[in-house]
Amino acid sequence: MTLKTAVGTFTVRPLDPVGDAPLLHRWVTHPKAAFWMMQGARLHDVEREYMAIAASEHHEALLGLLDGEPVFLMERYDPRYVELVGLYEPEPGDVGMHFLVAPSDTPVHGFTRAVITAVMEELFADPAVRRVVVEPDVANSAVHALNEAVGFVPVREIRKPEKKALLSFCTREMFEKAVAA
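Because the structure is predicted, anything quoted here is derived from the model rather than measured. (Residues numbered from 1 in each chain as written. Predicted model: local features only at pLDDT ≥ 70, side-chain atom pairs only at ≥ 80, totals over all residues. Heavy atoms only, no water.)

1. Notes on the pattern of salt bridges
Counting across every chain of the model gives twelve salt bridges. Linking Asp45 and Arg48 is a salt bridge whose minimum nitrogen-to-oxygen distance equals 3.7 Å. With Asp45 and Arg48 both in helix H2 (residues 43-55) and three residues apart, this pair spans about one turn of that helix. Judged by its relative accessible area of 52%, Arg48 falls in the exposed class. For Glu122, the salt bridge goes to Arg76, with nearest N and O atoms at 3.8 Å. A residue pair is termed long-range when its members are at least 10 positions apart, and Glu122 in helix H3 (residues 111-124) and Arg76 in strand S4 (residues 69-77) qualify at 46 residues. By relative accessible area, Arg76 is classed as buried at 19%. A single network of salt bridges, built from pairs that share partners, joins Glu83, Glu135, Lys160, Glu162 and Lys163. (Salt bridge = Lys/Arg side-chain N within 4 Å of Asp/Glu carboxyl O. Helix = DSSP H or I, 4+ residues; strand = E, 2+ residues; numbered from the N terminus. Buried < 20%, exposed > 50% of the residue type's maximum accessible area, 1.4 Å probe, protein only.)

As structure tokens, then:
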């Protein structure tokens, strides 16, 4: 994916679980990443987590770049096998998503919205994807607002082992309508 935006050009590449681990470790342990639930992780914990994702046929991690510089992490997963097994009835074309924006000392207005839009563009670039499924922590009001801005509709709260989550869906049509507005 290459997506030109007002903030620059976004691209994504597969995550290198070992090579990118020091960068990811800084991101996932930052106070702003509290909902990522890796605050106390050590470098080898991050390597292990992303090596397991890389080895999975149902989960993938990608590094998002802005004009060639790493600025976000995105994960794509098959909710029939990862994260949401038994918590909802998956439909053909469902894909699960997580994203994390790198912490910054100089925030740019609209940047996180540009990132989630790029993530959704990347997911919907696959014609087999009909609907994106997310399950953020119910307390994460900032991500709920971002999700709504790109077309997600909350369905219900669900209980996961690690959190109480807000199950939300966004179809291709809902996304296109939201970003066109």
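2. Brief notes about helix H4 (residues 141-149)
Where H4 is concerned, the buried positions are Val143, His144, Leu146 and Asn147. Viewed along the axis of H4, the buried residues span an arc of 165°, placing them on a single side of the element. Pointing more than 90 degrees away from the buried face of H4 are the exposed residues Ser141, Ala142 and Glu148. Residues of H4 that are buried sit in contact with strand S5 (94-101), H3, strand S6 (131-134) and strand S8 (164-171). (Arc of directions from axis to C-beta. Contact = heavy atoms within 4.5 Å.)

3. As for the packing of aromatic side chains
Going through the model one piece at a time under the given rule, you end up with four aromatic pairs. Seen from their ring centres, Phe10 and Phe72 are 5.8 Å apart, and the 70° between their planes marks the pair as edge-to-face. With Phe10 in strand S2 (residues 8-14) and Phe72 in strand S4, the pair connects residues that are 62 residues apart, well separated along the chain. What makes Phe72 buried here is its relative accessible area of 0%. A centroid spacing of 6.1 Å and a plane angle of 45° characterise the contact between Phe10 and Phe111, whose relative ring orientation is tilted. Residue Phe10 is located in strand S2, and its partner Phe111 is located in helix H3; the two are separated by 101 residues in the primary sequence. Both residues of the pair, Phe10 and Phe111, count as buried. By way of ring pairs, the aromatic residues Phe10, Phe72 and Phe111 are connected into one cluster. Over the ring of Phe169 we find Arg131; its NZ or CZ atom is 3.8 Å from the centre of that ring. (Phe/Tyr/Trp six-rings, centres within 6.5 Å; stacked < 30°, edge-to-face > 60°. Lys NZ or Arg CZ within 6 Å of the ring centre and 35° of its normal.)

4. Regarding the sheet that holds S2
Taken together, eight strands build an open sheet; the order of strands is S1-S2-S3-S4-S5-S6-S8-S7 and the sheet is mixed. The open sheet has two edge strands with one neighbour each: strand S1 (2-5) and strand S7 (153-159). Averaged over all pairs of adjacent strands, the angle between their axes in this sheet comes to 30°, without regard to strand direction. Along the sheet, helix H1 (residues 21-28) contacts strand S3 (59-66), S4 and S5; its crossing angle with S4, the most-contacted strand, is approximately 85°. Contacts between helix H5 (residues 172-180) and the sheet are confined to S7 and S8, with S8 contributing the most and set at about 85° to the helix. (Pairing = 2+ DSSP bridges. Axes fitted to C-alpha atoms, helices over the stretch in contact; angles between N-to-C directions.)

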